[in-house]
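Observations on the model geometry
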Amino acid sequence: MSKTEQKTITLPYSLSVRELAGLLSTSAVTVIKILMSNGVMASINQQIDFDTAAVVATELGFEPQLFQEEEVVEETGEIPLWRRVILEEDAKNLEPRPPVVTILGHVDHGKTTLLDAIRHTDVAGGEVGGITQHIGAYQIVHKDRVITFLDTPGHAAFSSMRARGAQGADIVVLVVAADDGVQPQTREAANHAKAAQVPIVVALNKIDKNDANQDRVKRQLADIGLQSDDWEGDTFVMPVSAKAKKGLDDLLETILLVADNLTIKANPKGACIGTVVEAQLDKSTGNMATLLVQNGTLKVGDVVVAGEGTGKIKAMFDQRNKRVSKAGPSTPVVVMGLNALPEAGDLFQVVANEREGRAIVAERKAEREAKRHTKRATLEELFSQYKSGQAKDLRLILKADVQGSLEPIMNELEDLGEKQKGLAIKILHAETGNVTESDVMLAAASNAIVLGFDVDIDQGARRLADAEGVSIRLYKIIYRLIEDVQKALNGMLEPELVERVIGKAAILATFKVSKGGTAAGCRVLTGEMRRNAPVRLIRAGEEIVKTEISSIRREKDDVREVREGMECGITLKNFEEFEVGDMLECFVMEKFGG
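Sequence positions are assigned chain by chain, starting from 1 and proceeding in written order. Since the coordinates come from a predicted model, pLDDT governs what is reported: local features require at least 70, and pairs of side-chain atoms require 80 or more to be given and counted, while whole-chain, interface and lining totals use all residues. As a convention, hydrogens and water are excluded, and side-chain values are obtained from all of the structure's heavy atoms.

**Concerning the overall build of the protein chain**
The line we're drawing: Going along the chain from the N terminus, every DSSP run of H or I of four or more residues is numbered as a helix, and every run of E of two or more is numbered as a strand. Residues count as neighbours in contact if any of their non-hydrogen atoms are within 4.5 Å of one another. Surface accessibility follows the Shrake-Rupley procedure with a 1.4 Å probe radius. Residue values consider only the protein chains on display as shielding.
Assigned secondary structure in the protein chain consists of 16 helices and 34 strands. Considering only contacts in the protein chain between residues 6 or more positions apart, those separated by 24 or more positions represent 72%. Working note: accessible area of the protein chain is about 28400 Å², and carbon and sulfur atoms make up 48% of it.

Pasting the structure below:
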């Protein structure tokens, strides 16, 4: 086919063999054969980069073009508020600031050891490892350049920041052990970073171990879309040994190189805004919060609003516990003076006076109360959002009992997405196992929906989903899951009944009642218990029965409900086998969507 007859096709930087075959209107087998003839061995679900996909497209008579990055960024959701503040600054006032780095990875792959090793490379601060207090963030100097590290390893904490609009990190360092390779938490952490559109640098740790196999790990990284730069990919994979302190200089050099490509800037004289890294109550000094300044300069005497706390800053301390009077962009400091503890990931900003600070906090509390009665995107709401132009894609997190269930579900959803016009299906994370807090946190940060097949929801995840307004739907039959997504895309899905826990009570004693039967003597721990409401009895973390509350007695009176802190006697419908230590969870079913 001549050049003039070629069809132009736009390809993303990374896609699976299956996705490429669909875009080229050919079979996956044909794509795999062309790849093999060019020396590339790839499975049907393996990710390949643009250059590799372009070879296949060209052989099939297409003229490939790279999908522009700006379009990708546009689809990822809202820009964090602090970044919007910087974007509104006059360009001539912007100055380079230190990059902010967070470290993620699988448990036991050496995140903490790496952080400690990096901390001890900083001899510019006086003594080696001269940091005298843990403040959740610290700075080091490497070759006369400052790097800020968020000492809060864990993708749940990272996503918690995103969910609150902060997204404090500019770069993610993903730690992968050379002897253990890519693990479930590695994939989760990578997905969290990708969803946040934050560049990833891989620290290939434990290279000094006898069973380390760097090539094997690089192949696994390529499978999750992180192609090593020495394999013609765009991900820097840096071999290190945190324990032996090898390769740390190269890693820090790479972080600075990536930072230079990001054009990280702020206005030290502009509006002061940033992120709460952590906060705690100190018996001697009161509320203490670690703040990461991201624009402007924070000074002692400034009035700050942080989450639902406000107050005038009485004192500030750096990572070596020295008093400082001001802090510029990318600088972490501990401050005194807030009247309430903010949450990690909350945004802070400097306001004109304490009256304005109190007004903002009052408004935020009202918004939080209103949020309790609303939900984020559900499958039922999707079609109306799409029709109004609010939604461009359906973002999903998939959990299944085994890999053999997960793969056909993903394949069916991918096929469904290819047939759908105008609304794409984007799977942010797919893994086996129960729905966890990490899944809910990613969903909250990305405005995604969690779909589970033949799995349960962890108790912590259930509570977090209720607090964050995340929609979780569980299925026992694959075709019903696919059918519901199809109906959602067509605007025909019936409203979903969602369970909301309204109260919990601990059983302290059991006793016989006058009409026969057994009652439970309870203390209400949170919320309220209501007569005739559905309830589940939990023993040692397991649900024993789901039934209704028949009666509630407080002292000698029958009552309709009892609230937090009160004691009462409760009987259940068709259940009497109470044991001291059991928990009762009272809930209601609410309709969302439609």
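**Describing the side chain of Asp302**
Rule in force here: Three exposure classes are used, based on accessible area relative to the maximum for each residue type with a 1.4 Å probe and protein chains only: buried under 20%, partly exposed in between, and exposed over 50%. For the purpose of charge, His is not counted, nor are the chain termini; Lys and Arg are scored as positive and Asp and Glu as negative. The term salt bridge refers to a side-chain nitrogen of Lys or Arg lying within 4 Å of a carboxyl oxygen of Asp or Glu. Any pair of nitrogen or oxygen atoms within 3.5 Å is treated as a polar contact; in protein, a donor-acceptor pairing is required on top of that, and neighbouring residues in sequence qualify only through side-chain atoms on both sides.
You can see Asp302 is positioned in the loop between β15 (298-299) and β16 (303-306). Look at Asp302: it is buried, it has no salt bridge, and the nearest opposite charge is Lys299 at 4.2 Å. Looking at Asp302, its side chain comes within polar contact range of the main-chain nitrogen of Lys299, at 2.8 Å. Leaving out residues up to four positions away in the same chain, Asp302 has contacts with Thr297, Gly311, Lys312, Ile313 and Val350.

**A short note on the pattern of salt bridges**
Within the structure shown, the criterion is met by 21 salt bridges. One salt bridge in this structure joins Glu528 and Arg563, with 2.7 Å as the shortest N-O distance. Of this pair, Glu528 sits in strand β28 (residues 518-530) while Arg563 sits in strand β32 (residues 561-563), placing them 35 residues apart in sequence. A relative accessible area of 45% places Arg563 in the partly exposed class. Note that Asp558 is salt-bridged to Arg553, the shortest N-O span being 3.3 Å. Salt bridges sharing common partners tie together Lys504, Arg536, Glu543 and Glu585.

**Some thoughts on the environment of Leu347**
Structurally, Leu347 can be placed in strand β22 (residues 347-351). Overall, Leu347 belongs to the buried group, its relative accessible area being 14%. Taking the C-alpha atoms as reference, Leu347 lies 9.0 Å from Leu291; in sequence the two are 56 residues apart.

**What to know about the sheet that holds strand β11 (residues 237-239)**
Where we set the bar: For two strands to be treated as a pair, DSSP must find no fewer than two bridges joining them. A fitted line through C-alpha atoms serves as each axis, taken over the contacting stretch for helices, and the angle formed by two N-to-C directions is quoted from 0 to 180°.
Taken together, six strands build an open sheet; the order of strands is β7-β8-β6-β9-β10-β11 and the sheet is mixed. On the outer flanks of this sheet lie β7 (137-142) and β11, each paired with one strand and no other. Neighbour to neighbour, the strand axes of the sheet diverge by 30° on average, direction disregarded. In this structure, strand β10 (residues 200-205) lies alongside β11, joined through three bridges in parallel fashion. Bridge pairing in β11 links Val202 to Val237. Docked against the sheet, helix α6 (residues 111-119) engages β6 (100-105), β7, β8 (145-150), β9 (171-177) and β10, running at close to 150° with respect to β6.

**Things to note about helix α3 (residues 50-59)**
Spelled out, the test is: Comment: arc refers to directions from the helix axis out to C-beta atoms.
Of the positions making up α3, those classed as buried are Phe50, Ala53, Ala54, Val56 and Ala57. Down the axis of α3, the sector holding all buried residues measures 165°, keeping them to one side.

**A closer look at unusual backbone geometry**
Although it is not a glycine, Ala540 sits at a positive phi angle of roughly 55°. As for its position among the elements, Ala540 is in the loop between β29 (534-539) and β30 (542-554).

**Quick look at the environment of Leu584**
Summarising the element assignment, Leu584 is placed in strand β34 (residues 583-592). For the pair Leu584 and Arg523, spaced 61 residues apart in sequence, the C-alpha to C-alpha distance is 9.9 Å. Not counting chain neighbours up to four residues away, the residues in contact with Leu584 comprise Gly503, Lys504, Ala505, Ile507, Cys522, Met529, Val535, Arg536, Leu537, Ile570 and Leu572.

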